[in-house]
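The chain contents come next:
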Amino acid sequence: MKIILCLLAVAVAGSAFAGADGAALFKAKMCGACHAAGKKGGDLKDSKMDKASLVKFMKDPKSVNPKVTMPAVKATDEELNALADYVLSLRK
Ligand code: HEC
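Trainee: What is the right way to look at the site of the ligand in this model?
Mentor: Of all residues adjacent to the ligand, which total 24 residues, the nearest are Cys31, Cys34, Gly41, Ser47 and Val68. Contributing elements (two or more residues each) for the shell around the ligand: α3 (51-59) and α5 (77-89). Looking at the shell around the ligand, its residues break down into 17 nonpolar, four polar and three charged.

Trainee: Just checking my understanding: could you explain the packing of α3 against α5 for this structure?
Mentor: Two measures define how a pair of helices packs: the angle their axes make with one another and the distance between the axes. Packing of α3 against α5 brings their axes to within 9 Å, and their N-to-C directions diverge by 125°. Here α5 runs oblique to α3, going by the angle between their axes. Here the hand of the crossing between α3 and α5 comes out right-handed. Residues Lys51, Leu54, Val55, Met58 and Lys59 of α3 lie in contact with α5, whose contacting residues are Leu80, Asn81, Leu83, Ala84, Val87 and Leu88. Its residues assigned to classes, the contact of α3 with α5 shows eight nonpolar, one polar and two charged.

Trainee: How do you make sense of α5 when you look at a structure like this?
Mentor: The end-to-end C-alpha separation of α5 is 18 Å, in line with the 18 Å expected for 13 residues at 1.5 Å each. For α5, the full list of buried residues reads Glu79, Leu80, Ala82, Leu83, Ala84 and Val87. Residues of α5 that are buried make contact with α2 (22-28) and α3.

Trainee: It is not clear to me how the environment of Ser89 should be interpreted in this structure. Could you clarify?
Mentor: Its location among the elements puts Ser89 in helix α5. The spatial distance from the C-alpha of Ser89 to the C-alpha of Ala23 is 9.8 Å, given a sequence separation of 66 residues.

What counts, and where the lines are drawn
Residues numbered from 1 in each chain as written. Predicted model: local features only at pLDDT ≥ 70, side-chain atom pairs only at ≥ 80, totals over all residues. Near = placed C-beta within 6 Å. Helix = DSSP H or I, 4+ residues; strand = E, 2+ residues; numbered from the N terminus. Nonpolar A, V, L, I, M, F, W, Y, C, P; charged D, E, K, R; others polar. Axes fitted to C-alpha atoms, helices over the stretch in contact; angles between N-to-C directions. Parallel < 35°, antiparallel > 145°, perpendicular 65-115°, else oblique. Left-handed = near helix turned anticlockwise from the far one by under 90°. Contact = placed C-beta atoms within 7 Å. Expected span 1.5 Å × (residues − 1). Buried ≥ 20, exposed ≤ 12 C-beta atoms within 10 Å, placed from the backbone.

By themselves, these figures tell us nothing about what the structure is for.
Pasting the structure below:
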């Protein structure tokens, strides 16, 4: 039974990445280590950036502001798009 549950978990996780699921990527890439209320990156629902700016910022934060301390996010364009959609979805 345990093995079946394990396989199921892997299948679910795999399909989430295939569709570039922003919420799953946010967890997998450890964004939450710095982004939450009270943490140094702050709660991303307070971000005012539009989608294009979000993608640009994540890809190369220092191109937006040389003073930023956030490391560039290593992800494909598809993943960056999904992450930006996820960040936008937090604002509702
Ligand atoms: C090591 C800590 C750290 C990690 C990990 C991190 N961030 Fe950040 N992030 C920051 C900090 C700090 C800022 C504030 C600007 C600065 O000083 O870099 C920031 C700013 C941002 C902003 C700009 C918000 C705004 O409108 O000003 C976005 C978007 C963002 N992060 C997304 C992400 C995503 C998505 C991930 C995961 C892929 C991530 N961050 C991972 C520390 C981090």
